[in-house]
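Structural features, examined
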Amino acid sequence: MSMLPPGAQDAAAPARPALIALGANAPAPQGGPAASLRAAMAEIAALGRNACCSRLWRSPAFPAGSGPDFVNAAMALDTPLSAPALLDALHAIEARFGRERQRRWGPRSLDLDLLAHGDGVLPDRAGWARWRDLPLERQMRETPKALILPHPRLQDRGFVLVPLAEVAPDWRHPVTGLTVTRMRDGLPAAAHEGLEPLG
């Protein structure tokens, strides 16, 4: 049975590759963080085809001290959904897993981030650069009102790039031109601290 939102699929539109980061550090109705991520992967895979899932990784909460360790993963899939429709579908999955958006960077039963949708840059390069360059103290207070793609922080986060390199090592950032592997290998050592695969 299709899980695509009504009206979200144009039969003539080609599928576009999408990259998604998954994380959890609080229980969900589906179980603990590792069980939740595995269940969420199955739901996300139904939003397209050719889904590829990374291993599960343990990482310290970000920012430091904000909660229990996270379980993280990444997925790549081809989807006929537009970027806004895919984001809506991801938010609907989060809601089914008990996600409540009460505090920015607080504990989460499921966190799904749309990292990239094809080579799209949204809202435009200037808007993307504004959010990429936002100081950390403002990141903790401000949330964009429109979809920003690629995710403006993906190049800075080991807990995103390490699992992402398992599913899309050669994906190239449409603004910087760097591959996932290059971004991962260019991270400072501190960005890898505490990261370890589960199982």
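Coordinates for the structure precede this section.
One structure accompanies this document, and this report is about it. As a convention, each chain's residues are numbered from 1 in the sequence order in which they are written. Reporting of local features is limited, given that this is a predicted model, to residues whose pLDDT is at least 70; pairs of side-chain atoms are given and counted only at 80 or more, and all residues count toward the totals for whole chains, interfaces and linings. To get the side-chain values, take all heavy atoms of the structure and skip hydrogens and water.

Some thoughts on the pattern of salt bridges
Just so we agree on the cut-off: Salt bridges, as used here, are contacts in which a Lys or Arg side-chain nitrogen is within 4 Å of a carboxyl oxygen on Asp or Glu. Partly exposed describes any residue whose relative accessible area lies between the buried limit of under 20% and the exposed limit of over 50%, with all areas from a 1.4 Å probe on protein chains only and scaled to the type maximum.
Taken as a whole and judged by the stated rule, the model has 7 salt bridges. Between Arg-108 and Asp-111 there is a salt bridge whose closest N-O contact spans 2.9 Å. On the basis of relative accessibility, which here comes to 9%, the residue Arg-108 falls in the buried class. Residue class for Asp-111 comes out buried when judged on its relative accessible area of 12%. With its nearest N and O atoms 2.9 Å apart, the salt bridge here joins Arg-184 to Asp-185.

Examining unusual backbone geometry
Test applied: A helix here means a DSSP run of H or I that spans at least four residues, while a strand means a run of E at least two residues long, and both kinds are numbered starting from the N terminus.
The omega torsion of the bond from Leu-122 to Pro-123 falls at -5°, within 30 degrees of zero and hence cis. In this structure, Pro-123 sits in the loop between β5 (111-117) and α3 (125-132). Cis rather than trans, the peptide bond between Leu-149 and Pro-150 has omega equal to -10°. Among the secondary structure elements, Pro-150 is positioned in the loop between α4 (136-139) and α5 (158-167). Look at Asn-50: it is not a glycine, yet its phi comes out positive at around 60°. Mapping Asn-50 onto the fold places it in strand β2 (residues 49-53). Here Asn-50 falls in the exposed class, since its relative accessible area comes to 55%.

So, α5
Most of α5 sits inside the fold, with 8 of its 10 residues counted as buried. All buried positions along α5 are accounted for by Gly-158, Val-160, Leu-161, Val-162, Pro-163, Leu-164, Ala-165 and Val-167.

Points about helix α2 (residues 83-96)
As a reminder, the rule being used: One less than the number of residues in a helix, times 1.5 Å, gives the span that helix is expected to have. Two residues qualify as a contact provided that any one of their heavy atoms is within 4.5 Å of a heavy atom in the partner residue. Two N or O atoms count as a polar contact when they lie within 3.5 Å, although within protein this holds only if one can serve as hydrogen donor and the other as acceptor, and sequence-adjacent residues are included solely when both atoms are side-chain atoms.
In a regular helix each residue adds 1.5 Å, so 14 residues correspond to 20 Å; α2 covers 20 Å between its end C-alpha atoms and thus fits that length. Among all positions in α2, only Ala-83, Ala-85, Leu-86, Leu-87, Ala-89, Leu-90, Ile-93 and Glu-94 are buried. Structurally, α2 contributes buried residues whose contacts are with β1 (16-24), α1 (33-45), β4 (70-79) and β5. Its side-chain oxygen at 3.2 Å from the backbone nitrogen of Ala-85, Ser-82 defines the N-terminal cap of α2. Once α2 ends, the next one or two residues include Gly-98, with phi positive near 80°.

By themselves, these observations are geometric and do not establish any function.
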